[in-house]
Amino acid sequence: MSEHVVVIYPHPDDEAFGASGTITTFRQKGIPVTYFCGTLGEMGRNMGNPTFANRETLPEIRKEELIKACKVLDINLEMLGYRDKTLEFESTEEVAQHLYTYLEEIKPSLVITHYPGHAVHPDHDAFGAAAIRAVEMIPAQERPVVWAQAISRTHTIELGEPDVVNDVSDVFEKKFDTIQAHKSQADGMLATVKNQEEDIMAAAKQWLGMESFYTWKY
Amino acid sequence: MEPIEINQLQKHIDDRANKDVYVHLETTNGAYASHFNEDAYNVGAFIRNAKVKYQRGKVVGAVATYRVGLKLDIGWIYAEGVNQFEINDQNQLLMAGHDREGRLMVSLQISETPFHY
């Protein structure tokens, strides 16, 4: 099986904050990466600072930012067309079936997604569950490895330490560029860091320099 | 969006009275509220493309924060904390309230055509 990494997250910028360092290390080895992005983050609260987006222009703005971020990372992008904040109300089986049609075609060696129940945002939990269900539809001997990302306060207490811990400080510049491609989101997020720190990149590295995952056990 | 100019906004609300209109009403403190602050509660609600007709609408308030109420035949629509508005290129009236970091806290939008799904 040739290597191909598939990233399944619901929002434009989830890939940037969560896995862009890890993605960069795969790309440096020449491994193709495809991002299946569930929504366009239509209901995001960050509107830029000062505000430049509104509720109606936000989807188009975030779509452009997403395309830009994927160019920075040099990865393929598929936008799946769900609506922000509604994923948990969709049928998990239907979403899983939808994802499965792509997985069947790509035959990835690794799938990165959110850890259901430990991903804080309801869209993260729901999409992570659907992604894992989709992988489960693949016969056991052909199944890719799944790395599930937990960000809840309680994940280490309840799940133990993550078994995959990637120090991405060597490629942090790329991660920072990816985050900044999502301008409407990054402005608000980085502003909070900026208020406290002189060197915003060093502060961000402190905060986002490690990316960790749990290998999913079927 | 621009800071609210009350007379101008009132005129746009009046223009849309007694017509079938589509409303987007939303309030939120974000999906991460209780993640970043254990004492906070996640709260939020939105309704998109509710079709209504209001007999009267009024904007009340001063300086930084405004309230908007729309009186329906058998009910009300209400939003508090709006501080910016605009008429977009589709002639939709967008009102919103943002916090210091530019994050949306409340939104009330009125349109004669449905909002994009």
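- Looking up chain B in an unreviewed UniProt entry gives the name YojF family protein, with the organism given as Gracilibacillus caseinilyticus.

- Looking up chain A in an unreviewed UniProt entry gives the name Bacillithiol biosynthesis deacetylase BshB2, with the organism given as Gracilibacillus caseinilyticus.
- Chain A has a UniProt comment under Cofactor (unreviewed entry) that states "Zn(2+)".

1. Regarding the sheet that holds strand β4 (residues 54–62) of chain B
Residue and element names in this part refer to chain B.
Line of reasoning, step 1. The three strands lie next to each other as β4-β5-β6, forming an open sheet whose pairing is antiparallel. The open sheet has two free edges, formed respectively by β4 and β6 (75–82), since each of these has just one partner strand. Adjacent strand axes in the sheet meet at a mean angle of 10° when their direction is disregarded.
Line of reasoning, step 2. Pairing of strand β5 (residues 65–72) with β6, which is carried by seven bridges, proceeds in the antiparallel orientation. Bridging from a neighbouring strand, R67 pairs with E80 of β6.

2. Quick look at the sheet that holds strand β8 (residues 93–98) of chain B
Residue and element names in this part refer to chain B.
Line of reasoning, step 1. Spatially, β1-β7-β8-β9-β2-β3 is the arrangement adopted by the six strands of the open sheet, whose pairing is antiparallel. Bordering the open sheet on either side are β1 (2–3) and β3 (44–52), each of which pairs with just one other strand.
Line of reasoning, step 2. Where strand β2 (residues 21–28) lies against β3, seven bridges are found, and the strand directions are antiparallel. Looking across to β3, one finds that L25 is bridged to I47.
Line of reasoning, step 3. Sheet strands in contact with helix α1 (residues 6–15) are β7 (84–87) and β8, and its direction is about 135° off that of β8.

3. Details of the packing of aromatic side chains
All names here are of chain A.
Line of reasoning, step 1. Taken as a whole and judged by the stated rule, the model has ten aromatic pairs over all chains.
Line of reasoning, step 2. Ring geometry for Y115 versus Y214: centroids 5.6 Å apart, planes at 80°, classification edge-to-face. Of the two residues, Y115 sits in the loop between β4 (110–114) and α4 (122–136) while Y214 sits in strand β7 (residues 210–215), which places them 99 residues apart along the sequence.
Line of reasoning, step 3. With a relative accessible area of 15%, Y115 lands in the buried category.
Line of reasoning, step 4. Given a relative accessible area of 6%, Y214 falls into the buried group.
Line of reasoning, step 5. Aromatic pair W147 and F213: ring centres 5.4 Å apart, planes at 25°, arrangement stacked. Taken together, the positions of W147 in strand β5 (residues 145–149) and F213 in strand β7 put the pair 66 residues apart, joining distant regions of the chain. Residue W147 shares its accessibility class with F213, and that shared class is buried.

4. A short note on the nonpolar core
Within soluble globular proteins, side chains that are nonpolar tend to cluster in buried spots.
Line of reasoning, step 1. Within the largest apolar cluster, 22 residues are counted, with the highest numbers of intra-cluster contacts made by L9(B), I13(B), Y54(B), V68(B) and M95(B).
Line of reasoning, step 2. If you list the elements that add at least two residues to this core, you get α1, β2, β4, β5, β6, β8 and β9 (104–111) of chain B.
Line of reasoning, step 3. Top element by residues in this core is β5(B). It accounts for four residues.
Line of reasoning, step 4. If we skip the residues at most four places from it in the chain, I13(B) touches Y54(B), G57(B), K58(B), V59(B), V68(B), L70(B), L93(B) and M95(B).
Line of reasoning, step 5. Listed in part, the 21 residues of the second largest apolar core include F36(A), L80(A), A126(A) and V146(A).

5. A short note on the confidence of the model for chain B
Line of reasoning, step 1. Overall, the prediction assigns chain B a mean pLDDT of 94, with 100% of residues at 70 or greater.
Line of reasoning, step 2. Here the complex is predicted with pTM 0.94, and the ipTM for its interfaces comes to 0.92.

Reading guide: rules and limits
Residues numbered from 1 in each chain as written. Chains lettered and ligands numbered in written order. Predicted model: local features only at pLDDT ≥ 70, side-chain atom pairs only at ≥ 80, totals over all residues. Heavy atoms only, no water. UniProt positions renumbered as here; feature names shortened; annotations may be inferred. Pairing = 2+ DSSP bridges. Helix = DSSP H or I, 4+ residues; strand = E, 2+ residues; numbered from the N terminus. Axes fitted to C-alpha atoms, helices over the stretch in contact; angles between N-to-C directions. Contact = heavy atoms within 4.5 Å. Phe/Tyr/Trp six-rings, centres within 6.5 Å; stacked < 30°, edge-to-face > 60°. Buried < 20%, exposed > 50% of the residue type's maximum accessible area, 1.4 Å probe, protein only. Core = buried A, V, L, I, M, F, W, Y, C linked by side-chain atoms within 4.5 Å. pLDDT = per-residue confidence, 0-100.

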